[in-house]
Amino acid sequence: MSEPAVFSEIKANLEANDVVLFMKGTPVFPQCGFSNTVVQVLTYLGVQFKGVNVLENEDIRNGIKDFSDWPTIPQLYVKGEFVGGCDIIREMFENGELREYFAGKNIALEAAAE
Amino acid sequence: MRIVKLIEEKLTAALHPHQLEVIDESHLHAGHGGARPEGETHFRVVIVSPLFEGESRVARHRMVTKVLAAEMNNPIHALALKTQTPKEADV
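These numbers come from a predicted model, not from an experiment.

Enquirer: Teacher, can you tell me more about the sheet that holds strand β3 (residues 75-78) of chain A here?
Expert: Working definition: the strands of a sheet are paired by backbone hydrogen bonds and lie parallel or antiparallel to each other. All names here are of chain A. Within the open sheet, the four strands sit side by side as β2-β1-β3-β4. Their pairing is mixed. Where the open sheet ends on each side, the last strands, each with one partner, are β2 (50-53) and β4 (81-84). The mean angle between the axes of side-by-side strands here comes to 25°, regardless of whether they run parallel or antiparallel. With three bridges joining them, β3 and β4 adopt antiparallel strand pairing. Across the sheet, residue Tyr77 finds its bridge partner in β4, namely Phe82. Contacts from helix α5 (residues 97-104) reach β1 (19-23), β3 and β4, with the element oriented near 35° to β3.

Written as structure tokens, this is what we have:
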């Protein structure tokens, strides 16, 4: 079975950006509470990320679920690796694991603004 | 509570939970995309299963959503998950 065409578009996004969040809405205007939670966590940690709004692209919205074998949005990827959805990111953030994970991947964290 | 019951039955059969809580949170999302007037779209599941032992968080969530594959997307619009082993939950 050949790969869906949308996979190459998803991969191009992952190759061009270290941290990619497939989400509903944009980082500035999230349109779903779960996407918003992940945006807040990343912003708090000072992580630069690219937001991909799946509401603007039906192919990506469906394709990303097959790509990661994960049925829900949001989905966070770091250096091409799928990290998790909202609950996992929040859990990792709350127990300090997420900070360590980014450090291990050499992703810069800016100190939260005073 | 039809969908809550269905989720409970499927997860109980597949994952033999020591503890399982399925909460319908649809009312919290009324009027938002994906919500239906009749509710039963947004759920929270807290599950403690020995089968999660040695599995990553991502793997555990996949175990749950695969059991509910037929319901994911429709009627389940959102599923908040907390997955623990009996040891982690201390039950």
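Enquirer: Sorry, what's going on with the packing of helix α2 (residues 33-45) of chain A against helix α4 (residues 86-94) of chain A here?
Expert: Pairs of packed helices are described in terms of their axes, by the angle between the two and the distance that separates them. Residue and element names in this part refer to chain A. Axis separation between α2 and α4 bottoms out at 9 Å; the angle between their running directions is 30°. Judged by the angle between their axes, α2 and α4 are roughly parallel. Classified by chirality, the crossing of α4 by α2 is left-handed. Mapping the contact onto sequence places Phe34, Thr37, Val38, Val41, Tyr44 and Leu45 in α2 and Cys86, Ile89, Arg90 and Phe93 in α4. Grouping the amino acids of the contact of α2 with α4 by side-chain chemistry returns eight nonpolar, one polar and one charged.

Enquirer: Would you mind going over the sheet that holds strand β1 (residues 19-24) of chain B with me for this structure?
Expert: All names here are of chain B. Spatially, β1-β2-β3 is the arrangement adopted by the three strands of the open sheet, whose pairing is mixed. Lying at the two open borders of the sheet, with one neighbouring strand each, are β1 and β3 (78-84). Across the sheet, the mean angle separating the axes of adjacent strands is 10° when strand polarity is ignored. Alignment of strand β2 (residues 42-48) against β3, held across seven bridges, turns out to be parallel. Looking across to β3, one finds that Ile47 is bridged to Thr83. Strands β2 and β3 of the sheet are contacted by helix α2 (residues 57-67), whose axis makes an angle of about 125° with β3.

Basis of the calculations
- Residues numbered from 1 in each chain as written.
- Chains lettered and ligands numbered in written order.
- Predicted model: local features only at pLDDT ≥ 70, side-chain atom pairs only at ≥ 80, totals over all residues.
- Heavy atoms only, no water.
- Pairing = 2+ DSSP bridges.
- Helix = DSSP H or I, 4+ residues; strand = E, 2+ residues; numbered from the N terminus.
- Axes fitted to C-alpha atoms, helices over the stretch in contact; angles between N-to-C directions.
- Contact = heavy atoms within 4.5 Å.
- Parallel < 35°, antiparallel > 145°, perpendicular 65-115°, else oblique.
- Left-handed = near helix turned anticlockwise from the far one by under 90°.
- Nonpolar A, V, L, I, M, F, W, Y, C, P; charged D, E, K, R; others polar.

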